[in-house]
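One-letter residues, chain by chain:
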Amino acid sequence: MQTVRHSEETLRTALISKNPALVSQYEKLEAGERRLMNEAFQPASDLFGPITVHSQSDWITSHPEPPQDFEEFFRDPYRKTPSPEKCSIYIQCIGPLGNTQIISEEYVKWLKGYCEAFFYGLAVKLLPPVPVSATKCSFRVNENTQNLQIHAGHILKFLKKKKPEDAFCVVGITMIDLYPRDSWNFVFGQASLTDGVGIFSFARYGSDFYSSRYKGKVKTLQEKSSHDYSVFDNYYTPEVTSVLLLRSCKTLTHEIGHTFGVRHCQWLACLMQGSNHLEEADRRPLNLCPICLRKLQCAIGFNIRERYKALVRWIDEESAGAPGVTPKHSREANVHLPKPVEAFKEWKEWIIKCLAVVQN
């Protein structure tokens, strides 16, 4: 394992800048906010640690990118920021997220609530869910995993056409696997930052996807035409678990973060690190490092203390127990699904430590 360590001075400059105007901007933040962000360059900090590289297949090794400090983010002429006219994040569900309607509805509500807390200050709205057929996208069976896949680029075109007037961005979410072009095996997600749209799949986040017992395998599509979407009827969706919800929240906020112009983080362990595979994505924390936190705060204008409190509230709200799979013939209107947040326990403890620093 390799550790990517930067000097205190490098991290200080990446966070605060040496530009007098940006230094002045930083000094105008609340004292508690500065105290928390200054943890970025404290060697003994137990809140923000260095990036660790576990193999040559990890993102930071296999995808060399120039690092983006706060000043580069601030000066980027192409980055987009919310405006009074375009200040809403829209979520478009494509296909079911669970094996019953109520599971799908609850799951997308949990994701909406999480995004409202994470991007504190912006409205998050749900577009009516649509079946795969509404997108008119191409689809195929992956020859390696034998699961159905839909074409990510075609979904982006569909989302662009549906983008509401007040949308800062529209993100499509699905439990169906994605592919960007015929030559690719799969992709977790794809986005157009210019158009402010993205599509992300949670299919491979289920505990059984890579198992020989995976129930989503399809033998052939030879008897179906390229316009016959009936193959998606009764499409297999994994059981909703706390780990699946955590992975979904992590992916969704990472990708929406890119729409604000925040590039992959190479400073500290951070949600905005790139990831090449599920193991690496699982190592990536839910939180933003101070450098990326300042970028997002600059774009949205939230109070860090209030944002952290909103995230704790999301974890605490209706969090007892975990949902099982609702029988398909049950009276769904009477079924209550508690939010499964067991996997968020450590992160809640981390947020409380941050709040103690901010409020000290």
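Note that residues are indexed from 1 along each chain, following the sequence as it is written. Confidence filtering applies because this is a predicted model: local features only for residues at pLDDT of at least 70, side-chain atom pairs given and counted only at 80 or more, and all residues used for totals across whole chains, interfaces and linings. The side-chain figures draw on all heavy atoms in the structure; neither hydrogens nor water molecules are used.

**What to know about the overall build of the protein chain**
- Working definition: helices are DSSP H or I runs of at least four residues, strands are E runs of at least two. Numbering for both runs from the N terminus. In terms of regular secondary structure, the protein chain is built from 12 helices and 10 strands.
- The quantity called the radius of gyration is restricted to C-alpha atoms. Its globule counterpart is 2.2 Å times the number of residues to the power 0.38. A compact globule built from 360 residues should have a C-alpha radius of gyration of about 21 Å, and the protein chain, at 21 Å, falls within 12% of that.
- Projected onto its principal axes, the C-alpha coordinates of the protein chain cover approximately 65 × 45 × 45 Å.
- Partly exposed residues are those whose accessible area sits between 20% and 50% of the maximum for their type, while under 20% is buried and over 50% is exposed, using a 1.4 Å probe and protein chains only. A burial count over the protein chain gives 54% of its 360 residues as buried.
- For the protein chain, long-range pairs separated by at least 24 residues make up 75% of all intrachain contacts whose partners lie at least 6 apart in sequence.
- In summary, the charge assignment counts Lys and Arg as positive and Asp and Glu as negative, without counting His or the chain termini. Here the site of a charge means atom NZ of a Lys, CZ of an Arg, CG of an Asp or CD of a Glu. Measuring between centres, the 44 positive side-chain charges of the protein chain sit 2 Å from its 40 negative side-chain charges. Pairs of residues are marked as contacts when any of their non-hydrogen atoms sit within 4.5 Å.

**Notes on the pairing of strand β9 (residues 189–192)**
- Two strands qualify as a pair provided DSSP detects at least 2 bridges between them. Here β9 pairs with strand β10 (residues 197–201) via 4 bridges, running antiparallel. The residue bridging Q190 from the neighbouring strand is I199, located in β10.
- In this antiparallel pair of consecutive strands, β9 and β10, the connection spans 4 residues, and G196 shows a positive phi of 70°.

**As for the sheet that holds strand β5 (residues 139–141)**
- Strand order in the open sheet formed by 3 strands is β5-β6-β8, and the pairing between neighbours is mixed. The open sheet has two edge strands with one neighbour each: β5 and β8 (177–179). On average, adjacent strands in this sheet sit at an angle of 40° to one another, irrespective of strand direction.
- As judged from the 3 bridges shared by β5 and strand β6 (residues 148–151), these two strands associate in the antiparallel manner. Note on β6: the bridge partner recorded for V141 is L148.
- Across the sheet, helix α7 (residues 152–162) is in contact with β6 and β8; its angle to β6 comes to roughly 50°. Throughout, an axis means a line fitted to C-alpha atoms (over the contacting stretch in the case of helices), and angles, computed between N-to-C directions, take values from 0 to 180 degrees.

**Some remarks on the packing of aromatic side chains**
- Aromatic rings from Phe, Tyr and Trp, with only the six-membered ring used for Trp, were paired whenever their centres fell within 6.5 Å, and each pair was classed as stacked if the ring planes differed by under 30 degrees, edge-to-face if by over 60, and tilted otherwise. Taken as a whole and assessed by the stated rule, the structure comprises 23 aromatic pairs.
- Taken together, a centroid distance of 6.1 Å and an interplanar angle of 45° make the contact between Y114 and W347 tilted. Separated by 233 residues along the polypeptide, Y114 in helix α6 (residues 101–118) and W347 in helix α12 (residues 345–359) bring together distant segments of the chain. The pair formed by Y114 and W347 is uniform in burial state, with each residue classed as buried.
- Ring geometry for F209 and Y210: centres 5.0 Å apart, planes at 75°, overall edge-to-face.

**Some words on the pairing of β10**
- Counting buried residues in β10 gives 5 out of 5 residues, a clear majority hidden from the surface.
- With burial as the criterion, each face of β10 is covered, one bearing V197, I199 and S201 and the other bearing G198 and F200.
- Across 5 bridges, the pairing between strand β7 (residues 167–174) and β10 is parallel. Residue pairing across strands places T174 opposite S201, the latter belonging to β10.

**Re the side chain of S17**
- Here S17 lies in the loop between α1 (8–16) and α2 (20–27).
- Here a polar contact is taken to be a pair of N or O atoms separated by no more than 3.5 Å, where protein atoms must pair a possible hydrogen donor with a possible acceptor and residues adjacent in sequence count only if both atoms sit in side chains. A polar side-chain atom of S17 sits 2.8 Å from a polar atom in the side chain of E71.
- In this structure S17 touches R12, L22, V23 and E71, once residues within four positions along its chain are discounted.

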